[in-house]
Structure formats: structure tokens, C-alpha cells
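Notes for the structure review
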Amino acid sequence: MSRVPRRTVLRAAVASLALTTASCARTGPRNTGVYLLLDTSGTYSQELEKARQIINYTLSRLDALDSFAVARIDTGSFSEKDIVAKVTLDDRPSAANQQKRQFADSIGHFLGDVHPSQYTDITGGLLQAVEFLNEKEPKRKTIFIFSDLKEDLEKGYVRDIAIPLAGFEVVALNVTKLRSDNVDPREYLARLEAWKRRVEAGGGTWRVVNDLDRLEALLATT
């Protein structure tokens, strides 16, 4: 019986390891997770109808095993009770389409009976979004914030904490200008800059999309 040369055995072992590594890489997560925060405070609640087109567009772009959740921002947003609708899409197209229709119906019911909140806990909403998406373990994690970005906390709420956003993309949508911003535009610019610094300090990336006629930019690869 002839002996197999040691060099041949070594080459075979290296090739086997390479195939195993490539296989593991292919089986890693390739799905997307999106969490949309809706500001329901004060006059901004009048903007919520615009959110419907964003939600419908996002649903149209998601595929099998992608996850999507929509939650309201209210007085205390670090809570699962503020999630209006959530879904992880089935890998069967017919079942996924049915899930999308049910999701859109849930959003329609919510938008038709939304009650403005007195306070705006954006930080709590972001923390809840991070918790939700980390549990889903998607490859890409995106948080949309549909808000004027003016945080207003009820007395006693502590939100001066770091937000762990490494691996997350945070996209601010429809950041409307407040009446005071018209008087002093520096307030608007400072608000945007403050959130940008906070997101980046947590390890995340930051974008602002105010042109809702260009929804293709929402899930664009940066």
C-alpha cells in the first residue's frame, strides 16, 4: 500500500479548512433589521400621516427573514408597550406578503386613532430599538427617527446615558423646524449636531433625510 505524501495531506487539510471557513461566512446573517420611531408629541403628531408612505416603502424593500418594528415616542419610550407593530418576514413569499398587509393594517389603525403625547423620550426609544434589533441579530441594523428631535422629558426621567450604537445606522427623517428655530436657526442646527455627536459617540453612523420625495435614500448603502 503506497503512502500519501505529507505535502499532499497538508494541502488537503488547508483546502478543507478554507471550504469550512467560506461555508461559515456564507451562513452568517445577511438580513436587515429596521426600527422606526414615531414622534407623537404636540404639533408633530400632525406630521404622522407622512410616516405611512415611509412605512409602506420600507415594507416593500424588505425580504425574507428581515425584521421591522414601528414604535411611538411618548413620555417613557423605553418599553415594549410602545411598539405599534413588529414582524420578522417568513421565507415563503405568499406568507411574507400576508404579513406585510397585516403590518400595514396595524399601522393604519394606529395612525387613525393616535393621541399626542405630552413628553418626548427619544433616548428611551433609541434604547428600546437597540434592544429589539440586537435580539433579532440581523447583519444590518437601521433605526429611523421620525421626529423634530426636540427631546422633552418628564421630571424624574434619567436619560443622560450613553447609547450603545456600534454597528447601527441612525437616520433622522422629516426633521421639521420649530417656531423658535425660525427665530434663531442656530437652535435647529445645534439640535441636529447634538444628536449626531451622541449617535457617533455610541459607535453608530448618522444621516438626515428630509426630502421624502426621495425615499430610495432611506435604505441606501452608505
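Computed from a predicted model, the values in this text were never measured in an experiment.

With that settled, consider the overall build of the chain. Scanning the chain from terminus to terminus reveals six helices and six strands. Sequence-ordered secondary structure for the chain, helices as α and strands as β, is α-β-α-β-β-α-α-β-β-α-α-β. A buried classification covers 44% of the 222 residues belonging to the chain. Here the analysis covers contacts within the chain between residues at least 6 apart in sequence; of these, 77% occur between residues at least 24 apart. When the accessible surface of the chain is split by element, carbon and sulfur atoms take 52% of a total near 12700 Å².

The element strand β5 (residues 168–173) is extensively covered by neighbouring structure, given that six of its six residues are classed as buried. Every second residue of β5 is oriented toward a common face, with Phe168, Val170 and Ala172 on one face and Glu169, Val171 and Leu173 on the other, all of them buried. Bridging between strand β4 (residues 140–146) and β5 involves six bridges; their strand directions are parallel. Paired with phenylalanine 144 across the two strands is valine 171, which belongs to β5. When β5 meets strand β6 (residues 205–209), the two strands line up parallel, connected through five bridges. If you follow valine 171 over to β6, its bridge partner there is arginine 207.

What follows is about the environment of glycine 112. Tracing the chain through its elements places glycine 112 in helix α3 (residues 93–112). A relative accessible area of 67% places glycine 112 in the exposed class.

To continue, consider the packing of aromatic side chains. Scanning all chains against the criterion turns up three aromatic pairs. If you follow lysine 177 out to its NZ or CZ, it ends over the ring of tyrosine 188, 4.6 Å from the centre.

Its identity as a non-glycine residue notwithstanding, glutamate 137 has a phi of 55°, on the positive side. Among the secondary structure elements, glutamate 137 is positioned in the loop between α4 (122–136) and β4. Looking at glutamate 137, the relative accessible area reads 58%, which means it is exposed. Positive phi, close to 65°, is recorded for leucine 149, a residue that is not glycine. Within the fold, leucine 149 resides in the loop between β4 and β5.

Once that is clear, we can look at the sheet that holds strand β1 (residues 32–39). Strands sit in the order β3-β2-β1-β4-β5-β6 across an open sheet of six strands; the sheet is mixed. Two strands close off the open sheet at either side, each with one partner strand: β3 (83–88) and β6. In this sheet, adjacent strand axes meet at a mean angle of 15° when their direction is disregarded. Against the sheet, helix α6 (residues 185–201) contacts β5 and β6, and its axis sits at roughly 150° relative to β6.

What counts and what doesn't
- Residues numbered from 1 in each chain as written.
- Predicted model: local features only at pLDDT ≥ 70, side-chain atom pairs only at ≥ 80, totals over all residues.
- Heavy atoms only, no water.
- Helix = DSSP H or I, 4+ residues; strand = E, 2+ residues; numbered from the N terminus.
- Buried < 20%, exposed > 50% of the residue type's maximum accessible area, 1.4 Å probe, protein only.
- Contact = heavy atoms within 4.5 Å.
- Areas by Shrake-Rupley, 256 points an atom, 1.4 Å probe, with all protein chains shown as cover.
- Pairing = 2+ DSSP bridges.
- Phe/Tyr/Trp six-rings, centres within 6.5 Å; stacked < 30°, edge-to-face > 60°.
- Lys NZ or Arg CZ within 6 Å of the ring centre and 35° of its normal.
- Axes fitted to C-alpha atoms, helices over the stretch in contact; angles between N-to-C directions.

That is the geometry; function is a separate question.
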